[in-house]
Amino acid sequence: MFPRRTKLRIIGLSYNKISTLPSDIFSDMPFLEQVFLAGNMMAVLPEETFQPVMSQLKILTVRGNPIKCDCSIAWVLQERVVKGNCYAPKAIRDKPFSQLTRRDIRC
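Residues numbered from 1 in each chain as written. Predicted model: local features only at pLDDT ≥ 70, side-chain atom pairs only at ≥ 80, totals over all residues. Heavy atoms only, no water.

## Digging into the nonpolar core
Line of reasoning, step 1. Counting residues in each nonpolar core, the largest one holds 32 residues, and the members touching the most others are F26, L37, L45, F50, L60 and F97.
Line of reasoning, step 2. Setting aside anything within four residues of it in sequence, one finds L45 in contact with F50, V62, I67, S72, I73, W75, V76 and F97. (Core = buried A, V, L, I, M, F, W, Y, C linked by side-chain atoms within 4.5 Å. Buried < 20%, exposed > 50% of the residue type's maximum accessible area, 1.4 Å probe, protein only. Contact = heavy atoms within 4.5 Å.)

Written as structure tokens, this is what we have:
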């Protein structure tokens, strides 16, 4: 999708009706610092998709997506650069990731 070894620092893909991302979309992006994916249709945030760039990201924004907060997003609890909120389950709808606990996501 992007050129290999790109020097991109910021990727803005907000409000594009994106429901999934290719698992390798962020591979080979050593300079990437900011990713904006707000207002899309993403229900899951696969750790393996974001793992290649998490150590260098300063912000990953996924607000306004219908994200299901279950065990699959447990990795987000350790990554304070991820800004977003839960859509499901209903008991924690609209709860910011920064306030989630392991009890909330029921692993």
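Structure's up, so let's keep going.
## Notes on the state of the cysteines
Line of reasoning, step 1. As enumerated under the stated definition, the model contains 1 disulfide in all.
Line of reasoning, step 2. The disulfide partner of C69 is C86, and the S-S distance across this bridge is 2.0 Å. Across the disulfide from C69 to C86, rotation about the S-S bond amounts to roughly -100 degrees, and the bridge is consequently left-handed. Here C86 lies in the loop between β4 (82–83) and α2 (102–105) and C69 lies in the loop between β3 (59–61) and β4, a separation of 17 residues in the sequence. (Disulfide = S-S within 2.5 Å. Helix = DSSP H or I, 4+ residues; strand = E, 2+ residues; numbered from the N terminus.)

## A look at the pattern of salt bridges
Line of reasoning, step 1. Counted under the stated rule, the structure contains 4 salt bridges.
Line of reasoning, step 2. Linking K58 and E33 is a salt bridge whose minimum nitrogen-to-oxygen distance equals 3.8 Å. One end of the pair, K58, is in the loop between α1 (47–50) and β3; the other, E33, is in the loop between β1 (10–12) and β2 (34–36), with 25 residues separating them in the sequence.
Line of reasoning, step 3. By relative accessible area, which is 58% here, K58 ends up exposed.
Line of reasoning, step 4. With a relative accessible area of 23%, E33 lands in the partly exposed category.
Line of reasoning, step 5. We note a salt bridge from K95 to D104, for which the minimum N-O separation is 2.9 Å. (Salt bridge = Lys/Arg side-chain N within 4 Å of Asp/Glu carboxyl O.)

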